[in-house]
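Structural features, examined
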Amino acid sequence: MPSVNQLSEEKAQLLNDIANTLRVHSIRSTNIAGSGHPTTCCSAAEMMSVLFFHTMKYKVEKPRDPSSDRFVLSKGHAAPILYAAWAEAGLFPVGDLDKLRKTGCDLEGHPTPRLDFVDVATGSLGQGLSCAAGMAYTGKYFDKASYRVYCLLGDGETAEGSVWEALAFCSYYKLDNIVAVFDINRLGQSDPTSVQHDMDCYKIRLEALGWNVVVVDGHDVSALAKALEDTKSISGKPCAVLGKTFKGRGVPGVEDQMNFHGKPLGEKGEVAIAELKKLIKNPGPYKITPPAPTDDAKEVKNSKITLSEPPNYQMGDVLPIRNSYGTALVKIAKNSDQIVALDGDMKNSTFSQKLADVYPNRFVECFIAEQNMVGVAVGCGTRGRTIPFASTFACFLTRAFDQIRMAAISQANIKFCGSHCGVSIGEDGPSQMALEDIAMFRSIPGSTVFYPSDSVAIERAVELAANTTGICFIRATRPVTPIIYKNDEVFQVGQAKVVRQSPDDKVTVIGAGITLSEAMKAADKLAASGVKITVVDPFTIKPLDVDTIKEAAKKTGGRIVVVEDHYPEGGIGEAVSMALGCCRDIVIRHLAVRDVPRSGKPVELLELFGINDDAIVKAVNQILKE
């Protein structure tokens, strides 16, 4: 009799048969599609067979069951074999694999959550492990459930720094519920990988980061099954299974050869299919019921999230908006245990520290690794388990733009807060000044971009973001700004505020954050000279309240001045210009930071770059002369 962790000959043969069947499907579907990555599928076939038909606990009929094991295909170009595994598991007809990469079919070139068995989009390499880490952290510390997370990585993507950020994160938090399976097939797209088949090198590197590591023949189903089963007994450490494999395994003339990456195999593939079928003793369909998960993931109640108490400020007081971000986090966390926060070692500057102080078990310190932080946030939010708020200096989020872009493709529900935006941060200088963050987040499909102008507004922005599905960005000004809104002021996404207006106004001035404060000072100076202006606070830059801006412009003769602490490209001015581009008789003057800035006192920099109250006064007087 085989030992507990040893496969019987019959089971080993069955898993080998399934592996070869998955190869056949991958080669055939990419041949039909005329594109794809069959060779990387072939190297991972035994890994996929053992994972899906022996190791993982899940419900085929309910792919997003909250208690089931998770699987992340980090090497997303191997999508055909993922689809083949689910088809053979019985989720959908095997014949649907022939629709791979066809318009109108969700079996796309790389996996996306349009498919109910995909939690996160992959394909931009090096990101899957961070997402898996977020799932594992959620399982261990938030859900306190028994589900495990498996992530299949390619060796080529380990050149990405984000992989090593994720490896360090998993080790630091002792995520013993995650298993990283490395498909080390030696070959990249245009060259062999830098480490190739030096398995000791991989093992030493991962062990140095605190991982439990085992090296196996990645085409040996018995060795894989034992290694994966053994990971379940490891406590306090994440586990890695390093599988030595060969790209294009099972395809004569292709296996372990360069120049076949990302290409259908054509006639070579048809020959391989015929040879592989000869090896299969148990042809599908395979009636294998995966092990049942333990139903111990807590129920999530999706209800409206509100502040536990309204804002409590005095009109005219001056406060840093970023401070009130932390206040709002604590308030919504009191009313919803779905709220969690992440930060990149900036929590005492972004004030997410406030949530960490009150709810330390719902705060994740991600250290100075913003790419991984975004991926972890994506993973934390999968299957609706949490609503993650991730914060750092807004400029450092630009480093993670690819992760944010992929988060949108993943249909992720993440809320970002970026502090220290614009030249108004002062002496720290240009490396710390976010001046392109609005443009970045505006470019994300389906995103919502908040730009609150006082502490009341940011508390409501946090509340609204928690209830807005998708990617949200909250821009939090660093300097103190005056309280201009009453505590009971009602805010809505896509609804601007006219904060100053009279029947005699000549120009509409649009500002946000620090520049709204400057606009209000400019309005006082202009009024003293007999010129009255309308002042508009957009509140959300995306969606922009076009109707309110149009109406204000109409009442002021079509004259608009936009002032922002941001580069001109992609900011508020461009949003307004785009919205009003088809309107006749509209003139827009745009004040923005037009050069790489420098260190200095905030008041000096606002003047130097032409976005202070005096610059607004000058722009208003000029536009009145045109």
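A brief structural summary.

Across its full length, the chain carries 22 helices and 19 strands. Relative to the 2.2 N^0.38 estimate, which gives 25 Å for 626 residues, the radius of gyration of the chain is 28 Å and therefore close to what a compact globule would have. Along the three orthogonal principal directions, the C-alpha set of the chain runs to about 95 × 50 × 40 Å. Evaluated residue by residue, the chain yields a buried proportion of 60% over its 626 residues. Contacts spanning at least 24 positions in sequence make up 79% of the contacts within the chain whose residues lie at least 6 apart.

Read from one edge to the other, the open sheet built from seven strands follows the order 8-7-9-10-12-11-17, with strand pairing classed as mixed. A single partner strand is all that each edge strand has here, and the edge strands are strand 8 (363-365) and strand 17 (540-542). Recorded for the sheet is a direction-independent mean angle of 20° between the axes of neighbouring strands. Relative to strand 17, strand 11 (residues 448-450) runs antiparallel, the two being bridged by two bridges. Across the sheet, residue valine 449 finds its bridge partner in strand 17, namely lysine 542. Sheet strands touched by helix 10 (residues 321-335): strand 7 (339-343), strand 9 (387-393), strand 10 (415-419) and strand 12 (472-476). Its angle to strand 9, the strand with the most contacts, is close to 165°. Sheet contacts for helix 13 (residues 370-381): strand 7, strand 9 and strand 10; angle to strand 9, the most-contacted strand, approximately 170°.

For glutamate 46, the position within the fold is in helix 3 (residues 45-55). In this structure glutamate 46 comes out as buried when scored by relative accessible area, which is 5%. A polar atom in the side chain of glutamate 46 sits 2.7 Å from the side chain of arginine 23. The contact partners of glutamate 46, leaving out residues within four places of it in the chain, are Asn16, Ala19, Arg23, Gly218, His219, Val221 and Leu224.

With respect to the secondary-structure elements, leucine 279 resides in helix 9 (residues 266-279). With 339 residues separating them in the primary sequence, leucine 279 and lysine 618 have C-alpha atoms 81 Å apart. The residues contacting leucine 279, other than those within four sequence positions of it, are Gln13, Asp17 and Asn20.

With that settled, consider the pairing of strand 2 (residues 149-154). Burial runs high along strand 2: six of the six residues are buried. Residues Val149, Cys151 and Leu153 line one face of strand 2 and the alternating positions Tyr150, Leu152 and Gly154 line the opposite face, and both faces are buried. Taken together, the four bridges between strand 1 (residues 70-73) and strand 2 define a ladder with parallel strand orientation. Following the sheet pairing, phenylalanine 71 is matched in strand 2 by tyrosine 150. Bridge count between strand 2 and strand 3 (residues 178-184): six bridges; the pairing is parallel. Directly across from cysteine 151, in strand 3, lies its bridge partner alanine 180. Read as a crossover between parallel neighbours, the route from strand 2 over helix 6 (residues 161-172) to strand 3 is right-handed.

Cut-off values and rules
Residues numbered from 1 in each chain as written. Predicted model: local features only at pLDDT ≥ 70, side-chain atom pairs only at ≥ 80, totals over all residues. Heavy atoms only, no water. Helix = DSSP H or I, 4+ residues; strand = E, 2+ residues; numbered from the N terminus. Rg over C-alpha atoms; globule rule 2.2 N^0.38 Å. Buried < 20%, exposed > 50% of the residue type's maximum accessible area, 1.4 Å probe, protein only. Contact = heavy atoms within 4.5 Å. Pairing = 2+ DSSP bridges. Axes fitted to C-alpha atoms, helices over the stretch in contact; angles between N-to-C directions. Polar contact = N/O pair within 3.5 Å; in protein donor to acceptor, adjacent residues only side chain to side chain. Right-handed = clockwise from strand over helix to strand, strands pointing away.

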